[in-house]
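These are the residues of each chain, in order.
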Amino acid sequence: MGLKLDFKSKLYLKWLPIVLGFMYGIFFCLFALEESFPSIAFFMQLLPGLLILIFTFVCMRYRKYAIYIFSALGFVSLFFYKTFNDIEFMMLLTLPFFVIGGLFYLDYYLNKQ
């Protein structure tokens, strides 16, 4: 009993959270372009995007821990950016972490069966 997927659907489900994680990391790296290049502010704004890219790269290998990593990143961004006050910022900055974590969970659950 459970959901049965063919090979192509499982392949899409395997790579979708990884691609979304890399795209979201690049999206965060774009915020650093507001600053001039050699300044410390440039590297401080580049840091969250680089961490997301590194975590996504780690999650490619350890898919079971990806669920916890992206859920933790979602909660950290919820309180660090204070997105619980504004729904638009929550949808833009916090919700993608939970969606990517949910996709990693769905992939892990369906491949476990």
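Residues numbered from 1 in each chain as written. Predicted model: local features only at pLDDT ≥ 70, side-chain atom pairs only at ≥ 80, totals over all residues. Heavy atoms only, no water.

Some details on the packing of aromatic side chains
Our working definition: Side-chain rings of Phe, Tyr and Trp, where Trp is taken by its six-membered ring, are said to pair if the distance between their centres is within 6.5 Å; with planes under 30 degrees apart they count as stacked, over 60 as edge-to-face, and otherwise as tilted. Working definition: with a 1.4 Å probe on protein chains only, accessible area under 20% of the residue-type maximum means buried, over 50% means exposed, and in between means partly exposed. Here, a charge over a ring means that NZ of Lys or CZ of Arg falls within 6 Å of the ring centre while also lying within 35 degrees of the ring normal.
Applying the stated rule across the entire model yields 16 aromatic pairs. Relative to Phe84, the ring of Phe79 has its centre 5.7 Å away and its plane inclined at 55 degrees; by these criteria the two rings are tilted. A residue is classified by how much of its surface remains accessible, and Phe79, at 52% relative accessible area, is exposed. Through a chain of ring-to-ring contacts, three or more aromatic side chains come together here, namely Tyr24, Phe27, Phe28, Phe31, Phe70, Phe80, Tyr81, Phe97 and Phe104. The ring of Tyr62 has Arg61 sitting right over it, with the charged end atom 5.4 Å from the ring centre.

Thoughts on helix H3 (residues 63-80)
Heads up, the condition is: Numbering goes from the N terminus for both helices and strands, where a helix is a DSSP run of H or I of at least four residues and a strand is a run of E of at least two. To estimate the expected span of a helix, count its residues, drop one, and scale the result by 1.5 Å. Here a residue-residue contact requires only that any non-hydrogen atoms of the pair lie within 4.5 Å.
With 18 residues, H3 ought to run about 26 Å at 1.5 Å a step, and its terminal C-alpha atoms sit 25 Å apart, in line with that. Elements in contact with the buried residues of H3: helix H1 (7-30), helix H2 (40-61) and helix H4 (87-112). In the segment just after H3, Lys82 is the residue with positive phi, at about 55 degrees.

Observations concerning the side chain of Arg63
Quick reminder of the rule: Nitrogen and oxygen atoms within 3.5 Å of one another constitute a polar contact, given that in protein one can donate a hydrogen and the other can accept it, and given that sequence-neighbouring residues count only through two side-chain atoms.
You can see Arg63 is positioned in helix H3. Of note is the side chain of Arg63, whose polar atom sits 2.7 Å from the side chain of Asp107. Residues contacting Arg63, with those up to four places away along its chain left out, are Leu13, Lys14, Pro17, Ile18, Phe104 and Asp107.

Some details on the nonpolar core
Just so we agree on the cut-off: Only buried residues count toward a nonpolar core. Its members are Ala, Val, Leu, Ile, Met, Phe, Trp, Tyr and Cys residues joined through side-chain atoms within 4.5 Å.
Grouped together as the largest cluster of nonpolar side chains are 13 residues, with contacts concentrated most on Tyr24, Phe28, Ile52, Cys59, Phe70, Phe97 and Phe104. Every element with two or more residues in this core is listed here: H1, H2, H3 and H4. Those residues in contact with Cys59 that lie beyond four places of it in its chain are Ala66, Ile69, Phe70 and Phe104.

Quick word on the side chain of Ser77
Summarising the element assignment, Ser77 is placed in helix H3. At 3.0 Å, the side chain of Ser77 forms a polar contact with the backbone oxygen of Gly74. Not counting chain neighbours up to four residues away, the residues in contact with Ser77 comprise Lys82, Thr83, Leu93, Thr94 and Phe97.

A few points about the environment of Leu16
Following the sequence through the fold, Leu16 ends up in helix H1. Measuring from C-alpha to C-alpha, the distance between Leu16 and Leu5 comes to 15 Å, with 11 residues separating the pair along the chain.

Details of the packing of H1 against H4
Under the convention used in this document: Here an angle of 0 to 180 degrees is reported between the N-to-C directions of two axes, which are lines fitted to C-alpha atoms, with helices fitted over the stretch in contact. Note on angle classes: values under 35 degrees are labelled roughly parallel, values over 145 roughly antiparallel, values of 65 to 115 roughly perpendicular, and the remainder oblique. Working rule for handedness: look at the near helix, and if it is turned counterclockwise from the far one by less than a right angle, call the crossing left-handed; if clockwise, right-handed. Classification used: nonpolar for Ala, Val, Leu, Ile, Met, Phe, Trp, Tyr, Cys and Pro, charged for Asp, Glu, Lys and Arg, polar for all others including Gly.
Two elements in contact, H1 and H4, have axes whose closest approach is 9 Å; the angle formed by their N-to-C orientations is 160 degrees. As the angle between them shows, H1 and H4 are arranged roughly antiparallel. Once H1 is placed against H4, the crossing between them reads as left-handed. Facing Lys10, Leu13, Lys14, Leu16, Pro17, Ile18, Leu20, Gly21, Tyr24, Phe27 and Phe28 of H1, the residues of H4 in contact are Leu92, Leu93, Thr94, Pro96, Phe97, Ile100, Leu103, Phe104, Leu106, Asp107, Leu110 and Asn111. Taken together, the residues that form the contact of H1 with H4 break down as 17 nonpolar, 3 polar and 3 charged.

Considerations on the packing of H2 against H3
Where H2 meets H3, the axes come as close as 7 Å, and the angle between the chain directions of the two elements is 155 degrees. What the angle tells us is that H2 and H3 run roughly antiparallel. In terms of crossing hand, the pair formed by H2 and H3 is left-handed. Contact residues: H2 offers Phe55, Thr56, Cys59, Met60 and Arg61, while H3 offers Arg63, Ala66, Ile69, Phe70 and Leu73.

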